[in-house]
Amino acid sequence: MSTLTLAAVHTKYNLLETMRVPIAVIGSLVFPTLAFCLFVLPQRMVVDEPDFATAAIASMVVFAFMSASLFSIGLDMAEQRSKPWWPYLRTLPGSPAARLIGLMSATLIISILAMIPLLIVGGIFTSAAVQPGELFAAIGLAILTAVPSALLGTIIGTTAGPKAAIAITQVAMFLLAFGGGLFLPPILFPEWLDLASKFLWVREAREIVIAAALGQSAPLWAVVGILAWTLVLGA
């Protein structure tokens, strides 16, 4: 059995295992939209201005992929490592990469599903306006720019126990989300925080995805930064 075929099997069973806990599925699907409703919709200045609304939705899309990467990969891997089944899997002839690809693929599917209600709510209750080509470009870039978060989730899952992974993931998620300008626009940051946030891959992902959604060119510093983070975390 090839690595890709085995990865497809792992993807299927990771999704089945997740669906056995309905609250986990509901939480993953609803969390980004709930954050959008709490942090964005009350701000009429953002909701009523097309570019601001588009940027806010794009930020929440980045948040959806980031949070899913950290929680689904980091926590699931840490939990699997604590079970007797994990050492047994390592004795089998299949490639270890198949398990990781399967887990990442399942996470990607959940992230895409979580994005759908977010886009629906954003389209109905805000004045955001995006062309179809720009929308698909932004979604594709949101997937690509989530790679550093997936790599961080892998690091957490392979180095921390289940209880420690919960705490580390929660702290990392909120620091990256707030520091990356996903909940509060960087334009409201003090100068020192704005400068510091530009060194976070989440801020860089935000700038890239927003630029695609608005039909603009992504800033060079964001592209270079996220490539550097991908190399560092993947090393």
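Relevant structure appears above.
Reading guide: rules and limits
Residues numbered from 1 in each chain as written. Predicted model: local features only at pLDDT ≥ 70, side-chain atom pairs only at ≥ 80, totals over all residues. Heavy atoms only, no water. Helix = DSSP H or I, 4+ residues; strand = E, 2+ residues; numbered from the N terminus. Rg over C-alpha atoms; globule rule 2.2 N^0.38 Å. Buried < 20%, exposed > 50% of the residue type's maximum accessible area, 1.4 Å probe, protein only. Contact = heavy atoms within 4.5 Å. Areas by Shrake-Rupley, 256 points an atom, 1.4 Å probe, with all protein chains shown as cover. Lys, Arg positive; Asp, Glu negative; His and termini not counted. Charge placed at Lys NZ, Arg CZ, Asp CG, Glu CD. Axes fitted to C-alpha atoms, helices over the stretch in contact; angles between N-to-C directions. Parallel < 35°, antiparallel > 145°, perpendicular 65-115°, else oblique. Left-handed = near helix turned anticlockwise from the far one by under 90°. Nonpolar A, V, L, I, M, F, W, Y, C, P; charged D, E, K, R; others polar. Expected span 1.5 Å × (residues − 1). Arc of directions from axis to C-beta. Salt bridge = Lys/Arg side-chain N within 4 Å of Asp/Glu carboxyl O. Polar contact = N/O pair within 3.5 Å; in protein donor to acceptor, adjacent residues only side chain to side chain. Phe/Tyr/Trp six-rings, centres within 6.5 Å; stacked < 30°, edge-to-face > 60°.

A. Local environment of the overall build of the protein chain. Along the backbone of the protein chain there are 12 helices and zero strands. Secondary structure elements of the protein chain, listed N to C terminal, follow the sequence α-α-α-α-α-α-α-α-α-α-α-α. A compact globule built from 235 residues would reach a C-alpha radius of gyration of about 18 Å, and the protein chain, at 18 Å, matches this within 12%. Viewed in the frame of its principal axes, the protein chain has a C-alpha envelope of about 55 × 35 × 30 Å. Here the protein chain, with 235 residues, has 43% of them falling under the buried criterion. Considering only intrachain contacts with a sequence separation of at least 6, the fraction spanning at least 24 residues in the protein chain is 77%. Within the structure as shown, the protein chain displays about 12,100 Å² of accessible surface, and the carbon and sulfur contribution to it stands at 74%. In the protein chain, 11 positive and 11 negative side-chain charges are present, and the distance between their average locations comes to 17 Å.

B. The packing of helix H8 (residues 147-159) against helix H12 (residues 220-234), seen in detail. One way to put it is that H8 packs onto H12 with a least axis distance of 9 Å and a crossing angle of 20°. With respect to H12, the element H8 is oriented roughly parallel. In the packing of H8 onto H12, the handedness of the crossing is left-handed. Counted together, Val 147, Pro 148, Leu 151 and Ile 155 of H8 and Ile 226, Thr 230, Leu 233 and Gly 234 of H12 form the full contact between these two elements. For the contact of H8 with H12, the class distribution of residues is six nonpolar, two polar and no charged.

C. Expanded view of helix H7 (residues 132-144). Along its 13 residues, H7 runs 19 Å from first to last C-alpha, staying within 8% of the 18 Å computed at 1.5 Å per residue. Regarding H7, the residues found buried are Ala 138, Ile 139 and Ala 142. All buried residues of H7 fall inside an arc of 100° around its axis, so they share one side. With respect to the buried face of H7, the exposed residues turned more than 90 degrees away are Gly 133, Phe 136 and Leu 144. In this structure, the buried side of H7 is in contact with helix H4 (50-81), helix H6 (96-125) and helix H11 (201-213).

D. Structural view of the side chain of Glu 204. You can see Glu 204 is positioned in helix H11. Of the side chains with opposite charge, Arg 203 comes closest to the buried, unpaired Glu 204, at an N-O distance of 8.6 Å. Within the local environment of Glu 204, its side chain forms a polar contact with the backbone nitrogen of Ile 226, the two atoms lying 3.0 Å apart. Sequence-distant contacts of Glu 204, defined by excluding residues within four places in its chain, comprise Lys 198, Phe 199, Trp 221, Ala 222, Gly 225, Ile 226 and Trp 229.

E. The arrangement of the environment of Ile 156 in detail. Tracing the backbone shows Ile 156 in helix H8. C-alpha separation for the pair Ile 156 and Gln 43, spaced 113 residues apart in sequence, amounts to 35 Å.

F. Highlighting the packing of aromatic side chains. Within this structure, the stated rule accounts for seven aromatic pairs. Between Trp 201 and Trp 229 the ring centres are 5.0 Å apart and the planes differ by 65°, which places this aromatic pair in the edge-to-face class. Of this pair, Trp 201 sits in helix H11 while Trp 229 sits in helix H12, placing them 28 residues apart in sequence. For Trp 201, a relative accessible area of 5% translates into the label buried. Taking the relative accessible area as the measure of exposure, Trp 229 reaches 27% and is therefore partly exposed.

G. Molecular detail of the pattern of salt bridges. Enumeration over the complete set of coordinates arrives at four salt bridges. In this structure, the salt-bridge partner of Asp 48 is Arg 44, at a minimum N-O distance of 3.0 Å. Salt bridges sharing common partners tie together Asp 194, Arg 203, Arg 206 and Glu 207.

Read these as spatial facts, not as claims about activity.
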